[in-house]
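For reference, the chains in residue letters:
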Amino acid sequence: MTSDIWAWVHDTHRELVEAGHHRLADAVAEISGHAVNGRPDEVDAIFPEALATARALELPWVEVFLRHWRLQSLVNERQQGAKALPEATALLEFAHREETRDCPQSVCVVQDFCIAHARIDGPGYVNERIAILDETLGRIEPARNCFDCLTREYSYALNDDGRTEEALAYIVEAEGRHRAAGGDPSLYMHIQRARLLGQLDRAQEGLDVLERSEAARRNGPYALDEDDLRELALARAELYARLGDTENALAQLPEIAEPIEHADLRLKWAQTAERLVSLNALDNVPRLGTALASWAAYLDDVGSHRASLNMLLIAGRLAVQRGARTVAQSLGEFAARKFDDLRRKDTATGRDFIAMRRDAEALPAPELPVDVEHLPGYLEALGVAAEDGSYQPADPERNLDLLTVAHEREPEDPQVLALVAQYLSVLGLPWKAARILWERVEADPGNDDRNRLLANVLTRGRDAEGIARLASLVAPRDPAQAHWYRASWAAEQGEWAEAARECEALVAVDDSVVNARRMWATAARELGDFETAQRVWTEVLERTDDEAESPVHHTQPADRWSLIIAATVNGDWAAVRGQCAEIGIDLDTPEGPIDERWHPVELRYDRPDGRVVVLAIRTGPATARVESVTRPGAPLNHGDLVVIDPAALEPPPEKEEDRDGWYPAVAAVRLLAPGGFRTYFVDGAHPGPEAFEAFLDALREQGYGVWLYTDEDYQIFPPDAEDTVTGVYTGVAVPPTASAAQAHRLLTELTKDWEHPMSWLSLAVDAELDADHHAKVAQDYDL
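Basis of the calculations
- Residues numbered from 1 in each chain as written.
- Predicted model: local features only at pLDDT ≥ 70, side-chain atom pairs only at ≥ 80, totals over all residues.
- Heavy atoms only, no water.
- Helix = DSSP H or I, 4+ residues; strand = E, 2+ residues; numbered from the N terminus.
- Rg over C-alpha atoms; globule rule 2.2 N^0.38 Å.
- Contact = heavy atoms within 4.5 Å.
- Core = buried A, V, L, I, M, F, W, Y, C linked by side-chain atoms within 4.5 Å.
- Buried < 20%, exposed > 50% of the residue type's maximum accessible area, 1.4 Å probe, protein only.
- Lys, Arg positive; Asp, Glu negative; His and termini not counted.
- Salt bridge = Lys/Arg side-chain N within 4 Å of Asp/Glu carboxyl O.
- Expected span 1.5 Å × (residues − 1).

Engineer: How would you explain the overall build of the protein chain if you had to name every residue and give the values?
Structural biologist: In terms of regular secondary structure, the protein chain is built from 35 helices and eleven strands. Its C-alpha radius of gyration of 31 Å places the protein chain within 12% of the 28 Å reference for a compact globule of 783 residues. Expressed along its principal axes, the backbone C-alpha trace of the protein chain runs to roughly 90 × 75 × 55 Å. In the protein chain, the proportion of contacts linking residues at least 24 apart, taken out of those at least 6 apart, comes to 61%.

Engineer: So what's going on with the nonpolar core? Residues and values would help.
Structural biologist: Note on soluble globular proteins: their nonpolar side chains tend to be buried together. Within the largest apolar cluster, 91 residues are counted, with the highest numbers of intra-cluster contacts made by Trp-269, Leu-292, Val-327, Leu-331, Leu-403, Leu-454 and Leu-470. Considering every element that reaches this core, the biggest residue donor is helix H17 (residues 305-322), with ten residues.

Engineer: Tell me what's going on with the side chain of Asp-401, and back it up with residues and numbers.
Structural biologist: Mapped onto the secondary structure, Asp-401 falls in helix H21 (residues 396-409). Of the buried charged residues, Asp-401 lacks a salt bridge, with Arg-398 as the closest side chain of opposite charge at 5.7 Å.

Engineer: Tell me what's going on with helix H15 (residues 266-278), and back it up with residues and numbers.
Structural biologist: Taking 1.5 Å as the rise per residue, H15 with 13 residues should run 18 Å; its terminal C-alpha atoms sit 18 Å apart, in good agreement. Of all the residues in H15, the buried ones are Arg-266, Trp-269, Ala-270, Thr-272, Ala-273, Glu-274, Leu-276 and Val-277. At its buried positions, H15 is contacted by helix H12 (226-243), helix H13 (246-252), helix H14 (257-261), helix H16 (286-301) and H17. Note on H15: the residue one or two positions beyond its end, Asn-280, has a positive phi of about 60 degrees.

Engineer: Got a sec to walk through the environment of Gly-38? Specific residues and values, please.
Structural biologist: Here Gly-38 shows up in the loop between helix H2 (22-36) and helix H3 (40-56). Here the alpha-carbon distance between Gly-38 and Ala-82, two residues 44 residues apart in the chain, equals 20 Å. Residues in contact with Gly-38, not counting those within four places in the same chain, are Glu-77, Arg-230 and His-262.

Engineer: So, unusual backbone geometry: which residues are in play, and what are the values?
Structural biologist: Phi is positive for Gln-79, close to 60 degrees, though the residue is something other than glycine. Structurally, Gln-79 is set in the loop between helix H4 (60-77) and helix H5 (85-94). In this structure, Asp-782 takes a positive phi of about 50 degrees despite not being glycine. One can find Asp-782 in the segment after helix H35 (771-780). With relative accessibility at 66%, the residue Asp-782 sits in the exposed group.

Engineer: Now, about the environment of Pro-621: what can you tell me, with residues and values included?
Structural biologist: By secondary structure assignment, the location of Pro-621 is in the loop between strand S4 (610-620) and strand S5 (623-626). The class of Pro-621 is buried, set by a relative accessible area of 2%. Once you skip the residues sitting within four places of it in the chain, Pro-621 turns out to touch Trp-561, Ile-564, Val-576, Cys-580, Ile-594, Trp-598 and Pro-646.

And the structure:
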């Protein structure tokens, strides 16, 4: 079975565009790039609609393609194991049905299935992974790209089984077969080979492999993408650390912000960091331990049991080295639970777990420097002030150890208990903090301060069941507080319908509340219910005052602006003008809609299928009109009037010289009034600056929109020419008052004296005029 997946993608994209399914075509073109380059939000944004469309159109091959690349995001970028396994299993079955088995992407689903099992417990599922890979590799040709992917999975499985020499020999042989068949071995095949060499104390050979592989790609037709560069740097850091070359290892090791953002880097990054700590090249500080503990908890949440355990062992060993007794013992306790989740326990991981827990338990308890009642004040006196003026403990882990001893002596001391919980939560152990707090909360559910602390800890630990349990516990005595816990959790998770329901119920119990109304109005806006949003923001302003001392009851600037936004969507211009008067905004007209010309803004419109960025002119306190000319089918186009949230999304550049050409970025809220413009593209040789400016001016005078898409880098070959000429690709927005034929005749008149003919094929087709001519120009100039 042979098939070129990317040729199929190209053909499928073209067919979808021709059939008018532009959004599905875009999803097919974009989802793989989002998946491999670590953009999970974009994957999640485009996937549901694309899948639904593919199913509605009865395109099972497209469904396989979309589901595979979403799974690649789940099991690779997001490191999901048990959480992704049901979908991986279901897709494996779907991809091998009669109507899908010949899809070129169906083979790749085997990789998803193997990776999910590897995340759960790589050594524990070695036999199953090798069995399905043997069967699949036996029916595909070595020239295919999926041969590269699946042989890497085979090598990973062998290595998980402790057969590193065999894994290396296998990947080298597979690379040779792939190359001999005409394939181009991937960068990731070479990264696996380099890492195996490092495990076998041949790190310099591994670095040489990476050097050759990167050089080949830099000289080849495909640029290294973001993910490639991250993985290369991390692999090099690992190999340099194995060699003891700490200077180069640190230079290559990605900043901690990278693994914070990209979960697929975390375990390798942590392993390399631990090695560098052992070489005295990296500081073993509490901040590092907090990150590792948080990463371990994430891996636990997504069902990657062995990876979670390995992360806990690294974090635990480093905590032992820091002498952080409570942290180390808590990590050992967590590790014990994860060890029980493993399918296979007879590996080095088991021995490492026993050693780490033994060392953690051996750490001595500190002596208290003062009595328990004076300890909180003593620790505060040891703190330092941060740049923002906040209090920062000088040694949070040492403080936690002292507080833990104090809590063991005086378990009823409320201040010590609260501090223990706060320190545990901040140090990446919210589950431990929650367990301690639950004992007290269940014994005395009437302590509001303790309940709020537990709610904060549960939220930090992403514990949905815990929030529900707490709300149920306090509901009989304080139903308003129970609603608030549920609403806050729902808002934190972006579950706006639930947040709105809980806030509405809370207001019904206590009509005086303000913050619950703020959350309710925010939820209503997120749900597109602007009538409710306007009504509730009005209620907020009725219950607040500009002079109030209480932060809750003091009118906040966002309260007024949020009302302006909702009222603008609803067309309530009297309410908009009323708030403008309160804020001090002078308007040109005394009544009616506000449609003025203020200043340019960069308009960002986040939609389920991704983000659109356009230039617009602000026309009022919460409106802007689009200037950009966008592609056909785009959600915004020239002339569209859009409701905006005028709060700047980014600060202006610090340096004055960097502000040239900069416009404030604001978020689009909703399309208020479509402009009705249709986009067509004019393509061809640049006629020269004077002629082109006259062309643009003439179109603008006729009410057309224009947008230049290219610069001097756009070069085209005229027929029979020996050299290129500068091309120009221009978006033209045809106003609703002009027909396609009228637009065609106008463009023909404006360009008739140019040296080279221009092509506007899609407009010619719609106008049913000269389509063959414009097709020929596009072909002759290879546009």
